[in-house]
Amino acid sequence: MDVIKCDCKFSASFRTSQVMSGGANRKKASRSQGWEEAGSEFYQESYPIDADIEVLQKDPKHLATLLPSKQNRTAAATIRHRTNDTRTNNRTVRRRTATHSRRDSTVQRRASAAGEVQVSMLPDLSEMRTNEQTSWEEIMQIKTLPLPMREKKEMKAKILNEPNLRLQGYEQFNWKRRKMWGVLESRLRESFNEMELWKGALKHIEGNFGTGVVAFFLFLKWLFLLNTVIFFFLFLFITLPTILLDYERLVNCPYNATCCAEGYFNETLSENNVFLDLIQGTGILERTILFYGFYSNKTLSYSLGLLQMYYNLPLAYLLIIILCFAISLVAIIRSAAKGFRERLIEGEGQFYQYCNLVFGGWDFCIDNEKAARIKHKALYSEIRANLETEKIKEEKQSRTTQEKCRIVFCRFIVNTVVLAILAGCACLIYLVFDFSTNKLAESTSRTQTKELFFEFLPSMTIVSLNIVVPFTFTFLISFEKYTPMTVIKLSLIRMVFLKLSSLIVFYMSLWRKITCNKVDESQCVACDEIPVCWETFVGQQIFKLLLTDFGTQIVITFVINFARSQLARHFDNKIIKFLGEQTFDLPKHALDIVYMQNLCWYGIFYMPMLSFMAAVIFLLMFYVKKFACLVNCKPSSVIYRASRSNSMFMLVLLVAYAFAIIPIAFFFAELTPSKSCGPFRDKGSVWGLIVDLFKRTPEWLQSVIFFLSTAGFAVPCIIVLLLFLYYYTAVNSANKHLVEVLKNQLVLEGHDKQFLLDRLSLFIKQDNQKRARAEQNGGRGDANT
Amino acid sequence: MGNKLVTFTDQQFENYQDCTFFTRKEILRVFKRFREVRPDLVPKQMKKNQAVSVRIPLEDSIEKLPELHENPFKKRICEVFSRDGKGNLSFEDFLDLLSVFSEQAPRDIKVFYAFRIYDFDGDQHIGQEDLDQAVLLLTKHTQELTPEDRQQIVEKVIEEGDVDGDGKLSYMEFEHVILRAPEFLSTFHIRI
């Protein structure tokens, strides 16, 4: 018998008939001369031997079925092997214990050839004997085996019945700890599953629309949780100390400076009714913990018994904001990395388009007849589209140069138009913002509604542009004759640019409003045109924008789109159907959500409670979007793939994050905080706080950090990083090449196997014929005598 | 203890928890769904052998289980997981089925069972007839694809996946292809 080394994921494959009970094995012992009988712990693989060859000789076609690769893989077993002891007749087979971590179930097994090697070694008790831990680990592995339940239970019973060593001392402690942890983990998982937010709703949506749309709602849930975490940190470290320790509202006046803060806080509040104040954040809400202006710049002190503790509020404020941004970034990157890894695997070779369609196309979650029909139709259209794409590709090859030029020219024109539209939007927003703030600054008497109108005009402009312009984009893109995938990507990019650039313009107009041409140091306010506490002003603008956006979403979903869908449902007119029928356009809705998150990120510095507001808004948005999805829309015929959607969401979120953090960083470094409010009122810039702190650290630390920022450190660092990059690129391309080589080798092996099988069956056939002729001759010979 | 009706003994629970990816509550939920299909056949309390012996015939499970009802491969799924190979599911088969389709099941076990499901004729290979059957099931209730179209798709699939040139997909080739299919893990699951 040959030495067999088997290295496979599911361990050895074996004939179902031959395993499971020691008795059965013993009966077969005579058949399998090369194999030791090992009782119930022995799982073996059987190769053709003498008895089988006879069967072969009858029919060579059987040969192919005996190949190892064609063995029935239904029973994957062999979790462990053990030494055989003196049950066998002087032959002991040494096997290596399978070591399993939870995740790694590769098993290596080596069986020595019994005929050639007679190894009689006493089993090594210390190494090979099972102990509680290994048997428990094996039991944990059972569920990953593709066996029917009955066999799994038998396997578990068998493992439990074997004699076990009890572990001693440290090992036992270790193992018990792991076991406890496993039990705890499963209990936690069970209770988390109970508490899972919106589980029923997600299942309902999944049944109707498939996993691609559910990915969007999971994204929404993820953002909700992120905002809750951010709010938790902000509340705990900034708001709570202020509430508890700063209740006296003592305004300290730094000597040599006028007490600007005192003046600010004693100023009379603007006269507005409560409702207006609520939606604008002015009036009674202005000087509360909601906004930046309320927080003091002192180091709060409190006494714990005899100890006097200090809490540096400005430092805490800055650090917590930085921490929140860091948490967001880490969360996004972790989520994106998961999807990115998968896409890398997918993009490494080719994308198996048709295989993916046939094997991964049907969503097993769909449980609704209507949705199932639509899914069938969607699959049909995708198959059709793929077949068409083949034809289009051929057609594209045969396109004349003239047509190509025309299309390129077309695309160029459309792109210019798109850029022009974007520039136009930017100008419009800027002008509107200018206009409305000028109008508000004029002190002529106005009615309240007019004032409200001017307050909200910028936000309304932005929101309406965000609604109208995408329609134009969809109209324009039809001229460009791209493939459907490219159309989706390009539309998404253009809409991202629209939404986020309108935000940029908004920020810039704000910036213009809060900076001065000539700075007057002696006054409390740097110049006359800017508000006294400009951070609070910025916070209020963002608050208004967020509120307007949310309000518009509600109005559009529940009023306009609802009416449209009801019309389309009840009337059969073609025009009405065209206007009324909507599909759940995933990129657009994702962009809405991401836009809100961007506002939230930008605003948490100026209004720490914005995170709370954002969390509440996302909670409500779930239901709004759910209504839009289930009631207003019918399932779309575009199949949204969950993995692609996820990576798209994370990418857009990352872009939005960058758009939020760059202005904040600019603000930290450049702008002067207002003198009359806020934790940074006595510093030249927000970053000045860190610089002051830094100056108080020991000398050696300062010199180290200075060194790190010099060229002497940076340049070698960059060179080393470049070397690493080059190394990994080289390894990557070498691996790709290796994959190609292995693929070719595999194909050749397949051909070899086929060739050998053919020859072998030919040989057997010839042998059969010879034997038949010999028998015939012998028979005739007998008959003759 | 009182009058509490215990569906399974602790021992059974522990066995099921070790052999599947479900927690206790989920197992009970699965049992409830199983019972809803044929309340007359399935008793409220499952004794050990009843979990194996009581079987729901194929037609009932296909009609009454909403998770399977709309699935084009429902018949084949039941056949793969049933012990007699004809599609009549006992409770343990049903539990096995849902365990493989649950979210915690690792990719390998899903790939294994997916291969068996798509292998309609059971010859350990996904051949042309198997693929043709699969495409037919996927586009049912719609305009029929012409046989030439189906043939083209089948040929393309084999072209993409077949490495050793035997004209059909073996388990290893299928596994290789599926690992590159990003949607497989997310579509190949049933929520209970």
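Just so you know, these numbers come straight off a predicted model, no measurement behind them.

About the criteria used
Residues numbered from 1 in each chain as written. Chains lettered and ligands numbered in written order. Predicted model: local features only at pLDDT ≥ 70, side-chain atom pairs only at ≥ 80, totals over all residues. Heavy atoms only, no water. Helix = DSSP H or I, 4+ residues; strand = E, 2+ residues; numbered from the N terminus. Buried < 20%, exposed > 50% of the residue type's maximum accessible area, 1.4 Å probe, protein only. Contact = heavy atoms within 4.5 Å. Areas by Shrake-Rupley, 256 points an atom, 1.4 Å probe, with all protein chains shown as cover. Axes fitted to C-alpha atoms, helices over the stretch in contact; angles between N-to-C directions. Parallel < 35°, antiparallel > 145°, perpendicular 65-115°, else oblique. Nonpolar A, V, L, I, M, F, W, Y, C, P; charged D, E, K, R; others polar. Phe/Tyr/Trp six-rings, centres within 6.5 Å; stacked < 30°, edge-to-face > 60°. Lys NZ or Arg CZ within 6 Å of the ring centre and 35° of its normal. Left-handed = near helix turned anticlockwise from the far one by under 90°. Expected span 1.5 Å × (residues − 1). Buried area = accessible area lost by both parts, 1.4 Å probe. Salt bridge = Lys/Arg side-chain N within 4 Å of Asp/Glu carboxyl O. UniProt positions renumbered as here; feature names shortened; annotations may be inferred. Pairing = 2+ DSSP bridges. Core = buried A, V, L, I, M, F, W, Y, C linked by side-chain atoms within 4.5 Å. Disulfide = S-S within 2.5 Å. Patch = residues over 30% accessible without salt bridge, like charges linked within 9 Å, V, L, I, M, F, W, Y side chains within 5 Å. Lys, Arg positive; Asp, Glu negative; His and termini not counted. Polar contact = N/O pair within 3.5 Å; in protein donor to acceptor, adjacent residues only side chain to side chain.

## Focus on the overall build of chain B
Secondary structure summary: chain B contains 12 helices and 2 strands in total. When its helices and strands are written in sequence order, chain B yields α-α-α-β-α-α-α-β-α-α-α-α-α-α. Among the 192 residues that make up chain B, the fraction classed as buried is 58%. Sequence separation of at least 24 residues holds for 55% of the intrachain contacts in chain B that already meet a minimum separation of 6. Counting every atom, chain B has about 8,100 Å² of accessible surface; 49% of that belongs to carbon and sulfur.

## Focus: the packing of helix 9 (residues 211–245) of chain A against helix 20 (residues 586–603) of chain A
All names here are of chain A. It is the contact of helix 9 with helix 20, at a shortest axis distance of 10 Å, that shows an interaxial angle of 5 degrees. By the angle between their directions, the pair helix 9 and helix 20 is classed as roughly parallel. The segment helix 9 lies against helix 20, with G212, V213, F216, F219, L220, L223, L226, N227 and I230 engaging L586, H589, A590, I593, V594, Q597, C600 and W601. In terms of residue class, the contact of helix 9 with helix 20 is made up of 13 nonpolar, 4 polar and no charged.

## Details of unusual backbone geometry
Residues and elements named next belong to chain B. A positive phi is found at Q124, a non-glycine position, where the angle reads about 65 degrees. Looking at where Q124 falls in the secondary structure, it is placed in the loop between helix 8 (107–118) and helix 9 (128–138). Look at Q124 and you get partly exposed, because its relative accessible area is 31%.

## Things to note about the packing of aromatic side chains
Scanning all chains against the criterion turns up 53 aromatic pairs over all chains. Ring geometry for A:F364 versus B:F73: centroids 6.4 Å apart, planes at 15 degrees, classification stacked. Taken together, the residues A:F364 in the loop between helix 13 (353–360) and helix 14 (369–397) and B:F73 in the loop between helix 5 (66–69) and helix 6 (74–81) connect one chain to another. Above the ring of A:Y595, the side-chain terminus of A:K499 is found at 5.3 Å from the ring centroid.

## A word on the packing of helix 2 (residues 24–37) of chain B against helix 7 (residues 91–100) of chain B
All names here are of chain B. Running from N to C, helix 2 and helix 7 cross one another at 120 degrees; their axes reach a closest spacing of 10 Å. In terms of orientation, helix 2 and helix 7 fall into the oblique class. The two elements helix 2 and helix 7 cross, and the hand of that crossing is right-handed. Here I27, V30, F31 and F34 of helix 2 come into contact with helix 7, specifically with F91, F94, L95 and L98. Residue composition of the contact of helix 2 with helix 7, grouped by class: 8 nonpolar, no polar and no charged.

## Quick notes on helix 14 of chain A
An ideal rise of 1.5 Å per residue puts 42 Å on 29 residues; helix 14 of chain A measures up with 42 Å between its terminal C-alpha atoms. Listed as buried for helix 14 of chain A are A:A371, A:A372, A:K375, A:H376, A:A378, A:L379, A:Y380, A:I383, A:N386 and A:L387. Buried residues along helix 14 of chain A sit in contact with helix 8 (199–209) and helix 13 of chain A together with helix 9 and helix 10 (147–161) of chain B.

## Thoughts on the interface of chain B and chain A
How big an interface is tends to be stated in terms of accessible area lost as the parts join. Taken together, the 76 residues of chain B in the interface contact 72 residues of chain A. It is B:E160, B:R180 and B:R191 in chain B that bury the most area against chain A; as a group they hold 11% of the surface buried on that side. Scanning the region where chain B abuts chain A turns up 3 salt bridges. Put simply, B:E92 and A:K153 hold a salt bridge, and the shortest N to O gap is 2.5 Å. The element best represented in the side of chain B that touches chain A is helix 10 of chain B, accounting for 7 residues. Of the residues in the side of chain B that touches chain A, the class split is 36 nonpolar, 18 polar and 22 charged.

## Some remarks on the environment of B:V37
All names here are of chain B. Of note, V37 is situated in helix 2. Given a relative accessible area of 4%, V37 falls into the buried group. In the structure, V37 is positioned 19 residues away from I56 in sequence and 8.1 Å away in space, judged by C-alpha atoms.

## As for the pattern of salt bridges
By the definition in use, this model includes 16 salt bridges over all chains. Of the charged contacts in the structure, one is a salt bridge between A:K156 and B:D18, with a shortest N-O distance of 2.8 Å. You can see A:K156 sitting in helix 6 (residues 149–161) and its partner B:D18 sitting in helix 1 (residues 10–19), one on each of two chains. For the pair shown, A:K156 and B:D18 are each scored as buried. Salt-bridge contacts for A:D592 lead to A:K499; the nearest nitrogen and oxygen are separated by 2.7 Å. Of the two residues, A:D592 is situated in helix 20 and A:K499 in helix 17 (residues 484–514); the sequence distance between them amounts to 93 residues. For the pair shown, A:D592 and A:K499 are each scored as buried. A single network of salt bridges, built from pairs that share partners, joins A:K499, A:K588, A:D592 and A:K625.

## Considering the UniProt feature "domain: EF-hand" (unreviewed entry) in chain B
All names here are of chain B. Following the UniProt record, the feature "domain: EF-hand" (unreviewed entry) maps to residues 73–101, 110–138 and 153–181 here. With 62% helix and 7% strand, the stretch residues 73–101 has end C-alpha atoms that lie 14 Å from each other. Measuring from the first to the last C-alpha atom of residues 153–181 gives 17 Å, for a span that is 62% helix and 0% strand.

## With respect to the pairing of strand 4 (residues 307–312) of chain A
Each regular strand carries side chains that alternate between the two faces of the sheet. Residues and elements named next belong to chain A. Of the pairings in the sheet, the one linking strand 3 (residues 299–304) to strand 4 comprises 6 bridges and is antiparallel in character. Paired with L300 across the strands is Y311, a residue of strand 4. If you look at the hairpin formed by strand 3 and strand 4, you'll find 2 residues sitting between the two strands, and G305 has a positive phi there, around 65 degrees.

## Let's talk about the nonpolar core
If you look at the biggest cluster of nonpolar residues, it comprises 105 residues, and the most contacted ones within it are A:F217, A:W601 and A:F605. Looking at this core element by element, the count peaks at 13 residues for helix 9 of chain A.

## Some points on the state of the cysteines
All names here are of chain A. In this structure the tally under the stated criterion is 0 disulfides over all chains. The thiol sulfur of C629 is not disulfide-bonded, and the nearest other cysteine sulfur, from C633, lies at 6.3 Å. Given the relative accessible area of 0%, C629 is considered buried.

## Describing the UniProt feature "transmembrane region" (unreviewed entry) in chain A
Residue and element names in this part refer to chain A. This chain's UniProt record puts "transmembrane region" (unreviewed entry) on residues 213–240, 315–333, 408–433, 453–479, 491–510, 604–624, 645–669 and 704–728. Structurally, residues 213–240 comprises 100% helix and 0% strand, and the distance from its first C-alpha atom to its last is 39 Å. The span residues 645–669 is 100% helix and 0% strand, and its two end C-alpha atoms sit 36 Å from each other.

## Description of a nonpolar patch on the surface
A cluster of nonpolar side chains, namely A:W700, A:V704, A:I705, A:F707, A:L708 and A:F713, defines an oily patch on the protein surface of about 580 Å² accessible area. Residue contributions to the nonpolar patch peak at 5 residues, all from helix 24 (residues 699–708) of chain A.

## Points about the side chain of B:E160
Tracing the backbone shows B:E160 in helix 10. The charged side chain of B:E160 is buried without a salt bridge, its nearest counter-charge being B:K156 at 7.3 Å. Side-chain polar atoms of B:E160 contact the backbone nitrogen of A:Y354, separated by 3.2 Å.

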